[in-house]
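# Close look at the chain arrangement
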Amino acid sequence: MPLAVDLSDPDAFVDAPPHAFLEELRRTQPVYWQDMRDEPGFWAVLKHADVVHVAREPRLFSASEGGVVLENLVPEQLQMMRNMLLAMDPPRHVAFRKPLAPSFTARVIGRLETDIRAICRDIMATAAARGEVEFVHEVAGSLPTRVIGQLVGIPAEDQPQVHRWAEQNTSGQDPDLAGSGYEDNPGNASMEMAMYAIGFAARRRQEEPREDLTSLILAGNFGGQPMSDVDFGSFFVQLVTAGNDTTKTMLAGGLLALLQHPGQLAELRADPGLIPGAVEEILRWANPLHYFRRTATAATELRGVPIASGDKVLMYYTSANRDEDVFADPHRFDIHRTPNPHLSFGIAEHFCLGVHLARLEGKVFLEELLTTFGTVELVGEPRRTRSNLNNAVKVLPIRLAA
């Protein structure tokens, strides 16, 4: 068996996800107990079918009870997380999600393609003037920041700070990204972003409605009443963080995967019609998040393994997306893979609300990148984010030329 890995240790993921270890566990211990140093351990659910099962039983496996990260949060942080869609259980989750869903349909999001393409072309023009770039932050991160800013109505002058908070929310275990004070108190960025959002909502309530998501939310009905400013703050944190950081991670991780597989990169250049399939394989191969947590609300069992009420249960997408029972040759990157039932957007009631936006951004971004630059090459060593949650590249030195 490969050398055991502590799945709770952020350092275990710095070089690469421990795929060999996870593969062996899928064969021998697919519901695997991981101890933790300073708090109760957790069950790592590693098979595709079992991740789907946990996701489809929200009353038995609660997102709200303990939140969605493996570390137990202090009460203030947990309460804030419970006001985010990703940590709501039914029926509250349905009451908050239903009024928002019409704004995220494929047809509605498709209308953004012209704007997204214009943003991408502006980003590519800036990158072309530089020639050599740190791709993660100077190129990939710019697109979701501007798209979410436009969607929500965030003033352009505020978007850089909002982007920094979003990155700090997901990268608090990495001292290079967390920023001063955030490594020891990873909830601070969320709190600061939420306070900004509460003030933002208060100002917007005094203005005429606009054609953006903020006006829709502030005028909406959520479980029989308007969304409060505090609830808006929590929702804003989730929307902006997910829209910024996971998309940035997808774009940067996707380019690295293509550079590591130059034959498939050449195929995309020759046939841009392959790009949507490539986006799906990027999402499977380099899923932005390793896991989401649930908490068992009653005693149960999974594959004959007893799980006690109150136990942490982690749905490991990094493992499920390479399950040999679902994906042929799962460690092979293949832009032609079909079907591709990856779980990077989740499944069931918590299936990602922004799925169509993420796919559109990935498609348009790759189209514009490959159209603009005939040369895209590494000029230094990629570096990964120190995190047990975020499956991300944090430094990607790239040379771009027409």
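The rules we used
- Throughout, residues of each chain are indexed from 1 in the direction in which the sequence is written.
- Reporting in this predicted model follows two pLDDT cut-offs: at least 70 for local features of residues, and 80 or more for side-chain atom pairs to be given and counted; totals over whole chains, interfaces and linings ignore these cut-offs and use all residues.
- The side-chain numbers reported here are obtained from all heavy atoms of the structure, hydrogens and water having been left aside.
- Secondary structure elements follow DSSP: runs of H or I of four or more residues count as helices, runs of E of two or more count as strands, with numbering from the N terminus.
- Think of it in three bands: with a 1.4 Å probe and only protein chains considered, a residue is buried below 20% of the maximum accessible area for its type, exposed above 50%, and partly exposed in between.
- Two residues qualify as a contact provided that any one of their heavy atoms is within 4.5 Å of a heavy atom in the partner residue.
- Only the six-membered ring of Trp is used, alongside the rings of Phe and Tyr, when aromatic pairs are assigned; centres must lie within 6.5 Å, and planes under 30 degrees apart are stacked while those over 60 apart are edge-to-face, with the rest tilted.
- Either the NZ atom of lysine or the CZ atom of arginine qualifies as a charge over a ring when it sits within 6 Å of the ring centre and within 35 degrees of the ring normal.
- Put plainly, a pocket is an open set of points on a 1 Å grid over the protein atoms alone with protein on both sides within 12 Å along at least five of seven lines, a cavity is a set where a 1.4 Å probe fits but cannot get out, and a lining residue has an atom within 4 Å of a point.
- Grid points are joined across faces, edges and corners, and a volume is the space filled by probe spheres set on the points.
- Asp, Glu, Lys and Arg are counted as charged, while Ala, Val, Leu, Ile, Met, Phe, Trp, Tyr, Cys and Pro are counted as nonpolar; the rest, among them Gly, fall into the polar class.
- We define a nonpolar core as any set of buried Ala, Val, Leu, Ile, Met, Phe, Trp, Tyr and Cys residues linked to one another through side-chain atoms lying within 4.5 Å.
- At least two bridges found by DSSP between two strands are what make those strands a pair.
- Angular values range over 0 to 180 degrees, each being the angle between N-to-C directions of two axes fitted as lines to C-alpha atoms, with helices fitted over their stretch in contact.

Looking at where aspartate 323 falls in the secondary structure, it is placed in the loop between helix 16 (317–320) and helix 17 (355–372). Of the residues examined, aspartate 323 reaches a relative accessible area of 2% and is grouped as buried. Non-local contacts of aspartate 323, meaning those with residues more than four positions away in its chain, are made with Arg26, Lys47 and His48.

Next up on the list: the packing of aromatic side chains. What characterises a pair of aromatic rings is the spacing of the ring centres plus the angle enclosed by the ring planes. Counting across every chain of the model gives 14 aromatic pairs. On the basis of an interplanar angle of 75 degrees and a centroid distance of 6.0 Å, the ring pair of phenylalanine 135 and phenylalanine 365 is categorised as edge-to-face. One end of the pair, phenylalanine 135, is in helix 7 (residues 135–140); the other, phenylalanine 365, is in helix 17, with 230 residues separating them in the sequence. With a relative accessible area of 0%, phenylalanine 135 lands in the buried category. Residue phenylalanine 365 is classed as buried on the basis of its relative accessible area, which comes to 0%. These aromatic residues form a ring-pair network of at least three members: Trp165, Tyr196, Phe200, Phe232 and Phe236. Cation over ring: arginine 92 sits above phenylalanine 96, and NZ or CZ is 4.9 Å from the ring centre. For arginine 322, the ring lying beneath its charged end belongs to tryptophan 285, and the centroid distance is 4.2 Å.

For the rest of this paragraph, the subject is empty space enclosed by the protein. Take a probe with the size of a water molecule and roll it over the atoms, and the empty space left behind shows itself. Summed over the entire model, instances satisfying the criterion amount to 4 cavities of 30 Å³ or more. Contributing to the lining of the largest cavity are Met250, Leu251, Gly254, Leu255, Val279, Ile282, Gly362, Phe365 and Leu366. The set of elements that each furnish at least two residues to the lining of the largest cavity consists of helix 13 (229–260), helix 15 (275–285) and helix 17. By residue number, the principal contributor to the lining of the largest cavity is helix 13, which donates 4 residues. A breakdown of the residues in the lining of the largest cavity according to their chemical character gives 7 nonpolar, 2 polar and no charged.

Next up on the list: the nonpolar core. Of all hydrophobic cores here, the largest spans 106 residues; its most connected members are Leu7, Phe135 and Phe236. With 14 residues, helix 13 is the single largest residue contributor to this core. Judged by nonpolar contacts, the second largest core, of 18 residues, contains Val31, Val51, Val52 and Phe61.

Attention now moves to the sheet that holds strand 8 (residues 312–316). As summarised here, the arrangement of the 5 strands in space is 1-2-8-5-3, forming an open sheet in which the pairing is mixed. Edge positions in the open sheet fall to strand 1 (31–34) and strand 3 (61–62), since each of these has one partner strand only. Seen against the sheet, helix 2 (residues 48–55) touches strand 1, strand 2 (42–45), strand 3, strand 5 (291–296) and strand 8 and runs at an angle of roughly 125 degrees to strand 8.

On to the sheet that holds strand 4 (residues 132–134). Sheet strands pair by backbone hydrogen bonding; their relative direction is either parallel or antiparallel. With antiparallel pairing, the 3 strands of this open sheet are ordered in space as 4-12-9. Two strands in the sheet have a free side with no partner beyond their single neighbour: strand 4 and strand 9 (375–378). When strand polarity is set aside, the average angle formed by the axes of neighbouring strands in this sheet is 30 degrees. In this sheet, strand 12 (residues 397–401) lies alongside strand 4 in antiparallel orientation, the contact comprising 3 bridges.

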